[in-house]
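Structural overview for review
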Amino acid sequence: MGLKDLSRGQRLLDDDRDNGDGGALARSISYFRRRLLEDVELRELVTLSASQRRARLERTVAQLISVEGAVMSSAQRTTLIRQVVDEALGLGVLEPLLADPTVTEIMVNGPGEVWIERDGRIQRTGAFFAGEAELLQTIDRIVSTVNRRVDESSPMVDARLPTGERVNAIIPPLALHGATLTIRRFPRAFTFEQLVDMGTVDEPTAALLRAMVRARLSIVISGGTGAGKTTLLNALSGFIPGAERIITIEDSAELQLQQPHVVSLEARPPNVEGKGQVTIRDLVRNSLRMRPDRIVVGEVRGPETLDMLQAMNTGHDGSLSTVHANSAEAALIRLETLTSMSDVAIPFEALRDQINSAIDVIVQLERFADGRRRIREVAAVASAHRDTFRLRTIGRFEHEPVGPDRTIIGRFEHFSLPEPVAYRLMLAAEPTPEVFTAGASGVTAPVREAV
């Protein structure tokens, strides 16, 4: 390939992005990457830090471009240098997206489509892979760091980047239109003050949730995918007193607790031979032998639900967890279904007894049409023993009909606390915000059945 071809390939960068043909650019990147490997001493690189290694390679690529004599603008030159180094060190075209703190999710639908989520909304980017081979190479680079593999015999894989991002990859023949890669960014830790400023919750509801956590009420956070369950769980866990021993259990470690006495446990998938798996349920059972004051389970999605409920019913009240559900009522039904997945044959009536006794409050999150996450409802479990599930609303967000601009306009409504919840807060000497007292609001939400 001549120098004129290299220069032309770089000048055609914008056209390549428009028509999806990355051939010329890919050849330029491939050429300089090969020259880079020829000129750099690998033994020297391993002694450098990550930032020093990148700076060293950027200088080398810049020198190679100058020597080869390709004519290009300053912006094109900078772009080419960055992409060559990204391809050599990181994840190629995905590196700029991973470096952007406003991007919360990256979705690659085959080599020609890269989508991102920003501010709760999905949008397509101009990034693309040169071909299926480059995308597969990127996926292999990710999964190899955690001793996993992806091929036709094992076409689906979950992994985690060193910086904490969760990764899912699925390749043909299961993915019909090319390899698909989804990267969910490590959730940023927000304080409740920040959540109030963002409109996720109002100040009285935030103060009530703080009192509930400190009074050791067991709380389940419910919501759909991407609703902000882990973010809220992390914020709620910040209210646990520092003197207590906390054990966190997660599929992929995301919680960032600041208390001094925290033990973090993470599940382990099976290895390439299908052995060595350690499940959430194994960790929940083991945590009971570790003298916990509180157990925080990142998410319940299977038989471990029963073990968590039993822990809450045997002295570990005040525990926190999340569950996938579209409403507070659906959360209770889903918990009942998940507990029935246990290998222990337990009648549904007994499972309902476990749930009614263990769970005090359901916090329902929702991502609205404008992309913002808000607490949709805070509801107390009003049923007892083997009764049909019943809920009483404590607070909820009500909004006006959505307009053409998709902006949500609404307000938080408050109701008086159910007597059992108010009594628990009183015994713990936790103050109740005035809007939730019967004397202030004068409104008690009706009890509704979860069916």
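Everything numeric here is computed off the predicted structure, so don't read it as measured data. (Residues numbered from 1 in each chain as written. Predicted model: local features only at pLDDT ≥ 70, side-chain atom pairs only at ≥ 80, totals over all residues. Heavy atoms only, no water.)

Things to note about the overall build of the chain
- A tally of helices and strands in the chain yields 17 helices and 16 strands.
- Taken over 451 residues, the chain has a buried fraction of 48%.
- When contacts within the chain are restricted to residue pairs at least 6 apart in sequence, those whose partners lie at least 24 apart make up 57%.
- Accessible surface, the chain: about 21400 Å² in total, of which carbon and sulfur atoms supply 51%. (Helix = DSSP H or I, 4+ residues; strand = E, 2+ residues; numbered from the N terminus. Buried < 20%, exposed > 50% of the residue type's maximum accessible area, 1.4 Å probe, protein only. Contact = heavy atoms within 4.5 Å. Areas by Shrake-Rupley, 256 points an atom, 1.4 Å probe, with all protein chains shown as cover.)

Topic: the packing of helix H14 (residues 328-339) against helix H15 (residues 348-358)
- Between H14 and H15, the least distance of the axes is 10 Å, while the angle of their chain directions is 125°. Overall, the two elements H14 and H15 adopt an arrangement that is oblique. Crossing hand, H14 versus H15: right-handed. Contact residues: Leu 332, Leu 335, Glu 336 and Thr 339 in H14; Phe 348, Leu 351, Arg 352 and Ile 355 in H15.
- Of the residues belonging to the contact of H14 with H15, the class tally is five nonpolar, one polar and two charged. (Axes fitted to C-alpha atoms, helices over the stretch in contact; angles between N-to-C directions. Parallel < 35°, antiparallel > 145°, perpendicular 65-115°, else oblique. Left-handed = near helix turned anticlockwise from the far one by under 90°. Nonpolar A, V, L, I, M, F, W, Y, C, P; charged D, E, K, R; others polar.)

Some points on helix H12 (residues 280-287)
- Taken as a whole, H12 has its buried residues at Ile 280, Arg 281, Leu 283, Val 284 and Ser 287. All buried residues of H12 fall inside an arc of 160° around its axis, so they share one side.
- Looking at the packing, one finds that the buried side of H12 touches strand E8 (246-250), strand E9 (262-266), strand E10 (294-297) and helix H13 (304-312). (Arc of directions from axis to C-beta.)

Concerning the packing of aromatic side chains
- Enumeration according to the criterion identifies three aromatic pairs in this entry.
- Judged by centre distance (5.0 Å) and plane angle (35°), the ring pair of Phe 192 and Phe 239 falls under tilted. One end of the pair, Phe 192, is in helix H9 (residues 192-198); the other, Phe 239, is in the loop between helix H11 (229-237) and E8, and 47 residues separate them in sequence.
- With a relative accessible area of 3%, Phe 192 lands in the buried category.
- What makes Phe 239 buried here is its relative accessible area of 12%.
- Each ring, one from Phe 368 and one from Phe 397, has its centre 5.5 Å from the other, and the planes form 75°; the classification is edge-to-face. Of this pair, Phe 368 sits in the loop between strand E12 (361-367) and strand E13 (373-381) while Phe 397 sits in strand E14 (residues 390-399); the two residues are 29 residues apart in sequence, bridging distant segments of the chain.
- Aromatic rings pair up to connect Phe 368, Phe 397 and Phe 412 into one cluster. (Phe/Tyr/Trp six-rings, centres within 6.5 Å; stacked < 30°, edge-to-face > 60°.)

Digging into the packing of H13 against H14
- Here H13 crosses H14 at 110°, and the two axes come no closer than 7 Å. The orientation of H13 with respect to H14, classified from their angle, is roughly perpendicular. Touching Thr 305, Leu 306 and Leu 309 of H13 are Leu 335, Leu 338 and Thr 339, all from H14.
- Across the contact of H13 with H14, the residue classes break down as four nonpolar, two polar and no charged.

Looking at the nonpolar core
- Formed by 38 residues in total, the largest nonpolar core has its most connected members in Phe 192, Met 212, Leu 232 and Leu 236.
- Broken down by secondary-structure element, the contributors of at least two residues to this core are H9, helix H10 (203-214), strand E7 (219-223), H11, E12, E13 and helix H16 (419-427).
- When residues of this core are assigned to their parent elements, the largest contribution, six residues, is made by H10.
- Excluding its chain neighbours within four sequence positions, the residues that come into contact with Phe 192 are Val 201, Ala 206, Leu 209, Leu 232, Ala 235, Leu 236 and Phe 239.
- Among the nonpolar cores identified, the runner-up in size contains 33 residues, and Val 263, Val 297, Leu 309 and Ile 359 belong to it. (Core = buried A, V, L, I, M, F, W, Y, C linked by side-chain atoms within 4.5 Å.)

Focus on the confidence of the model for the chain
- The predicted model of the chain has a mean per-residue pLDDT of 82, with 79% of residues at 70 or higher.
- The secondary-structure element of the chain with the lowest mean pLDDT is helix H1 (residues 3-11), recorded at 38, while E7 shows the highest, at 96.
- Contacts from residues 1-22, a stretch scored under 50 in pLDDT, to residues over four places away or in other chains number 34 contacts. (pLDDT = per-residue confidence, 0-100.)

Concerning the side chain of Arg 352
- Relative to the helices and strands, Arg 352 resides in helix H15.
- Judged by its relative accessible area of 19%, Arg 352 falls in the buried class.
- Once residues within four sequence positions are removed from consideration, Arg 352 is found in contact with Glu 336, His 385, Arg 386, Asp 387, Thr 388 and Phe 389.

Considering the pairing of strand E5 (residues 166-170)
- Of the two faces of E5, the one holding Val 167 and Ala 169 is buried and the one holding Arg 166, Asn 168 and Ile 170 is not buried anywhere.
- Pairing of strand E4 (residues 156-160) with E5, which is carried by five bridges, proceeds in the antiparallel orientation. Bridged to Val 157 within E5 is Ala 169.
- In the sheet, E5 pairs with strand E6 (residues 180-184) via five bridges, with the strands oriented antiparallel. Note on E6: the bridge partner recorded for Asn 168 is Thr 182. (Pairing = 2+ DSSP bridges.)

A closer look at unusual backbone geometry
- A cis amide bond links Pro 172 with the next residue in sequence, Pro 173, at an omega value of 10°.
- Note on placement: Pro 173 falls in the loop between E5 and E6.
- Of note, Arg 291 is a non-glycine position whose phi angle comes to about 55°, a positive value.
- In this fold, Arg 291 is placed in the loop between H12 and E10.

Here we look at the sheet that holds E6
- Spatial strand order, E3-E2-E1-E6-E5-E4: six strands in an open sheet with antiparallel pairing. The sheet is open, and its two borders are formed by strand E3 (121-124) and E4, each paired with just one other strand. Adjacent strand axes in the sheet meet at a mean angle of 15° when their direction is disregarded.
- Docked against the sheet, helix H8 (residues 132-144) engages strand E1 (103-109), E4, E5 and E6, running at close to 55° with respect to E4.

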